[in-house]
Amino acid sequence: MKDTHANGDAMPRREFLKFSAAAGLLAGLAPGSVHASSSGDEPAMTPSRKFNGSYEGAQINRLAFPLGGIGAGMICLEGTGAFSHISIRNQPDVFNEPCMFAAVCVRGEKPVARVLEGPVPGWKLFGMRAAATGLGEKSFGLPRFARAKFTTRFPFGSIVLDDASVPLEVGITGWSPFTPGDSDGSSLPVAGVEYRFTNPTAATVEAVFSFNAKQFFTGRDGKLPNAVKALDGGYVIWSAGSGEKPWEEASFAVSVSDPESKVNHAWFRGSWFDPLTMAWNDIAAGACFDRPPTDEAAPSPGGTVFVPFTLAPGATRTIAVRLCWYCGKSNIREFGMGEPDHKKDKTGVAYSPWYSGRFADVAAIAAHWRDNYGSLREASARFSKAFYDTTLPAEVVEAVAANLGILKSPTVLRQTDGRLWAWEGCRDEEGCCSGSCTHVWNYAQAIAHLFPDLERSLRETEFGPNQDDVGHQQFRAALPIRAVENTFHSAADGQLGGIMKVHREWRIGGDTDWLRGLWPRVRKSLDYCIETWDPDRKGWLEEPHHNTYDIEFWGPNGMCTSFYLGALQAAVLMGNALGDDVKEYAALLDRGTKRAESELFDGEYFIQKIEWKGLRAADPTVTGFGSKYSPEALALLEKEGPKYQYGTGCLSDGVLGSWIALMCGVGQVLDAQKVASHLSAVHRHNLKHDLSAHVNPQRPTFAAGAEGGLLLCTWPKGGALSLPFVYSNEVWTGIEYQVASHLICMGMVDEGLEVVRVCRARYDGRIRNPFDEYECGHWYARALASYGLLQALSGARYDAVEKVLHLTPAIAGDFRSFLATKTGYGVVGLKDGKPFLEVRSGSINVEKIDCVPAGSAAAS
């Protein structure tokens, strides 16, 4: 028999059971797609890979799977089993790979010792910073296993190691807590790494496992006081902060729960390569001993925890290593865009992570992690099992799961009062584009469903301290979160999108009192938008309006007008529910819809009418973010209008507001047939399978050469501007996912899935990390749009206000899909043509299922 399950591949059950035993996967977790690995001493080959399947050969070269908590920092488990991108000091530290590794020694007449990792990828030997000087501080020269294979079932990542010279089958499973609805449990600064050993031979095997780490907290200058401290079942790598830089104090703990474990707190102290040389001598000899910490005046260069074990023929042993950290202070103090010297002035209170308000130090976190490891793992496995218990296409499951890792990355911060704050993405050593930027986080759909309390905190910031008394909303929040002077212009798509998201949070949470408390601020925001961008009440945005492309659009366009109509419709729905008078909004909605459909739709797709004369706004040369005009740009202005528009172009985001309205339960805005026509045009004109001949003078690393991708804009009918909006020639995964899910929502399932496949093909591990979809920085927030694919395909949306489960699948026939709500999660779908809901955790109070199957008369 064969197992197939949302993985795009199949394999004999006997082989799958052998693989899952070696990988140490939980019983009951959905199987992954794997391929036969090379055996003996033959070089590992890279097989053709199925979506949601395993990675091996060249596919693990760049693979790094995030482990950590929401806003708590991150450690990545690479596809080889190595640890990298260690970013636990409240800032990204991409490519930070200190000397930290696990190892095993099989004792005997000729002991065999190996680092518990696959081969070092070639780009690390030459292609990374300082490689040409030898990288003597790394462990790359120590013997490793010959082959590695990686499979993920988020939040678990599992590796199989293989080497003919080691008489053990070895698997590694890395994970960190992730349970929908449990924001605190999912925000812990912890990671678990489980090493599973099976004896396939006919003889008893005696071995010693070890987890080793050099001191990697000594400050940038290497002079801060540091030590390897004692911890029950392990050790702590610690460094003090300085009087001038208290935020550099940091602790990293390693521990196991085994009565036979021993801890060497004091590596050999010496020069050159002495410490690692002597540590490996111990490992290679199968040593296992205790050595107490040294005095801080002569600190230890590293620590090791040993676990000896004996395996009878056929026996298996799993050793769980618990990692946790504590960096309770930072120097991060971000100001809003309108505050003077916001990059220079760091005086005042700085950001502290959520966990520092709950735990006193790393010992407290280590104790909590030890005491709750089992229950947190069980809860995370329950979620994983439910998430992968699906019949949705493999490429969709992969795209959604891969980007959930963004929530474990340094992109997301959570301050001590629990409120969420985020960058757009991560530069290598600092956050990129601060302030939970509203027009970027518009696209993200995951947090609202998985952790509704955290998403609500974003709305409370936007309509609270970020909004002034006239309704002007700062689209980048300060950190720590606080009110700042609003002197920078608002972002139209961000502010209008927030109104739709208030509607979403109300429907997900079912708390009308929460909505009632926020409603006056929502009205004030919408009134500001009308007065600022539609002062003549035409029903579309006409005055120059800032947006996610970091420029202003001059004149009405399909993209931002669809946001406007969606916000008006959301306001009507919320106002009516609260008994407020929203007739003016309803009239504007009707007027704007008719105008947009008749004047912005060109018969195939929605366009922009560039207008810059006769408006209330000042001349383009003095208004806007990109208002610098050289003499030659002035000449271009008279000929084509303001720089950075799209005019008659086919914009992938051209009806973005309509998609967000669907995701937020606001309903369809704009004529459905015209929206479908626009999306079909985007698929036809903007999706490229080979970019070799494509001209992109902008940022090419997102997609280039023979790769495929969805371009932000094309001009299939001519009229291309000399200087279109600044990112028009690029490819962004967040836009690919929103277009894909919108296509699916409108019945074009095959076209939507094609976009997803083209996107994920670029992230196969050879060139890019499959778990780091980047745009302006690593782990870019916009990619969380991929979660919308679940709602698009299943049509499942739970309304906690009306207690109705809406089920309007885009796919025909029976199916199963994951569903998360505020109070619980489970699996939803059709079985034998009838709707069902299986609650796997918590509760979901459904009084009615409103089901409209695909292809039914009601659906059409």
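The preceding data block contains the structure.
Residues numbered from 1 in each chain as written. Predicted model: local features only at pLDDT ≥ 70, side-chain atom pairs only at ≥ 80, totals over all residues. Heavy atoms only, no water.

**Digging into the overall build of the protein chain**
Phase 1: Summing up its helical and strand segments, the protein chain has 18 helices and 35 strands in all.
Phase 2: Compactness check: the protein chain gives a C-alpha radius of gyration of 28 Å against a globular reference of 29 Å for 860 residues, within 12% of the reference.
Phase 3: Dimensions of the protein chain along its principal axes, counting C-alpha atoms only, are 90 × 65 × 55 Å.
Phase 4: Residue burial in the protein chain is summarised as follows: out of 860 residues, 63% are buried.
Phase 5: As displayed, the protein chain offers around 29,900 Å² of accessible surface, 51% of which is attributable to carbon and sulfur atoms.
Phase 6: For the protein chain, the distance from the average position of its 85 positive side-chain charges to the average position of its 98 negative side-chain charges is 2 Å. (Helix = DSSP H or I, 4+ residues; strand = E, 2+ residues; numbered from the N terminus. Rg over C-alpha atoms; globule rule 2.2 N^0.38 Å. Buried < 20%, exposed > 50% of the residue type's maximum accessible area, 1.4 Å probe, protein only. Areas by Shrake-Rupley, 256 points an atom, 1.4 Å probe, with all protein chains shown as cover. Lys, Arg positive; Asp, Glu negative; His and termini not counted. Charge placed at Lys NZ, Arg CZ, Asp CG, Glu CD.)

**A closer look at the pairing of strand β34 (residues 834–842)**
The side chains of a regular strand alternate between both faces of the sheet.
Phase 1: Here strand β33 (residues 824–831) runs beside β34; their pairing, made up of 8 bridges, is antiparallel. Residue pairing across strands places Y825 opposite S841, the latter belonging to β34.
Phase 2: A loop of 2 residues connects β33 with β34, the two strands running antiparallel in sequence, and D832 in this loop sits at a positive phi of about 55°. (Pairing = 2+ DSSP bridges.)

**Considering the state of the cysteines**
One way to say it: the disulfide is the covalent bond shared by the sulfur atoms of two cysteines.
Phase 1: Enumeration over the complete set of coordinates arrives at 0 disulfides.
Phase 2: Cysteine C288 is unpaired, with the sulfur of C105 as its nearest cysteine sulfur at 11 Å.
Phase 3: Free of any disulfide, C851 has its nearest cysteine sulfur in C745, 16 Å distant.
Phase 4: Since its relative accessible area comes to 23%, C851 is described here as partly exposed. (Disulfide = S-S within 2.5 Å.)

**Comments concerning helix α12 (residues 583–600)**
Since there are 3.6 residues in each turn of an α-helix, residues three or four apart along the chain are aligned in direction.
Phase 1: Helix length check: α12 (18 residues) gives 25 Å between terminal C-alpha atoms against 26 Å at 1.5 Å per residue, within 8%.
Phase 2: Of the surrounding elements, those touching the buried residues of α12 are α10 (512–533), α11 (558–577) and α15 (672–686). (Expected span 1.5 Å × (residues − 1). Contact = heavy atoms within 4.5 Å.)

**Some points on the sheet that holds strand β35 (residues 848–851)**
Phase 1: Within the open sheet, the 3 strands sit side by side as β30-β31-β35. Their pairing is mixed. For this open sheet the edge positions go to β30 (796–799) and β35, each flanked by a neighbour on one side alone. Neighbour to neighbour, the strand axes of the sheet diverge by 15° on average, direction disregarded.
Phase 2: Sheet topology places strand β31 (residues 804–807) next to β35; 4 bridges connect them, and they run parallel. When the sheet's bridge partners are listed, L805 is paired in β35 with I849. (Axes fitted to C-alpha atoms, helices over the stretch in contact; angles between N-to-C directions.)

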